[in-house]
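Fold and contact review
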Amino acid sequence: MTAVLEIDNVHKWFGSHHVLDGFSLRVGPGEVVGLLGPNGCGKSTVLNIVSKLLSFDDGQVRLMGEPLSELGHRARGIVGVCSQHCALYPDLLPAENLRFFARLYGLSDKEGTQRVAELMRSFELDHFASTRVGQLSGGWKQRLHLAVSLIHRPKLLVLDEPTAAVDLEARMDLWRLIEGLRDSGTTLLLTSHHLVEAQRLCSRVALMRSGKVVAEGSVPELLARVPGQAVAKVQSEDHAALMQRALDLGWTVRQHTGQLRLLLPGDLGLRDIVEALDGTQVSAVSVQAVTLEDAYLELVGDSSLLG
Ligand SMILES: Nc1ncnc2c1ncn2[C@@H]1O[C@H](COP(=O)(O)OP(=O)(O)O)[C@@H](O)[C@H]1O
Ligand SMILES: [Mg+2]
């Protein structure tokens, strides 16, 4: 099946800064692909190239099988963008914002009216029909922003850190909304700072470092690349002795930002671990199944996204 988006060996320089260094990624129909990586690794640059806000220096980008360079302004009809920089009009009502963008994207009056009503309903924006957008909370602004990016029924929705600027409750609401889009078959490419968010929303995750993808796969595929099924986070005054014991037991030991992580076979419970570590100095230990956080640490080797 034709990919919705194919990025092949793309390079991008900002002056002498080589920001994308052979970046490749494919997004198939109905997939939700998450782009994860440390700050400054080039995530937004990728999204900005896909949405034609930025040019690139080398490589190939195809939307629905057609090179971006040949699509011209038709690319705008294929991609819907929701970046962190809200382009909403604060003095207008939600529906007026939607109507403005409907016109901008060339929907007829009739189509536009219909689509605005549809989105006001499905995003529950009707509650705030008479509130100027400037008065909406961050979460509701982001909801409206999502609705705006879908006004022209794009084949690909691109979201740049969709929940970065909202509180926890609004984040959960946005997750449910994005899950709804995913479950109705919308193709999505998103960046995130939240490993939990990516694990929850994405059918596939691409881990980035220094302008390229270093690992990609479904969440279970990435978890399978961690040398263990469970992780014990241990606090101790004596890391050296503890590490030696863990290595003697055949466990994999990792140290990140001063924290000791023991990667274990899945059949060990907390009691087994405490018994196995008996005689070493341990002040606290917790154990859980491996998550995307562990895969991220293992494959990207960067701890800046850890909660
Ligand atoms: N317009 C620009 N001019 C110069 N450098 C830029 C510009 N936009 C981004 N950069 C640099 O490119 C790198 C990647 O940025 P970005 O794609 O925003 O990273 P991310 O979204 O992963 O945090 C960063 O080092 C950033 O400072
Ligand atoms: Mg960014």
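Just so it is clear, the structure is predicted and the values come from calculations on it, not from any experiment.

Rules used throughout
- Residues numbered from 1 in each chain as written.
- Chains lettered and ligands numbered in written order.
- Predicted model: local features only at pLDDT ≥ 70, side-chain atom pairs only at ≥ 80, totals over all residues.
- Near = placed C-beta within 6 Å.
- Helix = DSSP H or I, 4+ residues; strand = E, 2+ residues; numbered from the N terminus.
- Nonpolar A, V, L, I, M, F, W, Y, C, P; charged D, E, K, R; others polar.
- Domains from an automatic or database assignment.
- Pairing = 2+ DSSP bridges.
- Axes fitted to C-alpha atoms, helices over the stretch in contact; angles between N-to-C directions.

Considering the site of ligand 1
- The immediate surroundings of ligand 1 are formed by Phe-14, His-17, Val-19, Gly-37, Asn-39, Gly-40, Cys-41, Gly-42, Lys-43, Ser-44 and Thr-45.
- Take the shell around ligand 1: its biggest share by element is three residues, from helix 1 (residues 43-50).
- Residues that form the shell around ligand 1 fall into these classes: three nonpolar, seven polar and one charged.

Observations concerning the domain arrangement of the protein
- One can read the domain layout of the protein as domain 1 (5-223) and domain 2 (230-289).
- Here the C-alpha centroids of domain 1 and domain 2 sit 40 Å apart.

As for the sheet that holds strand 14 (residues 284-289)
- Spatial ordering of the open sheet is given by 12-13-11-14, a layout of four strands whose pairing is antiparallel. Of all strands in the sheet, those with a lone pairing partner are strand 12 (252-256) and strand 14, marking the two edges. Strand-to-strand twist across the sheet, computed as the mean angle between neighbouring axes with direction ignored, equals 25°.
- For strand 11 (residues 230-235) and strand 14, the ladder comprises six bridges, and the chain directions are antiparallel. What sits directly across from Gln-235, in strand 14, is Ala-284.

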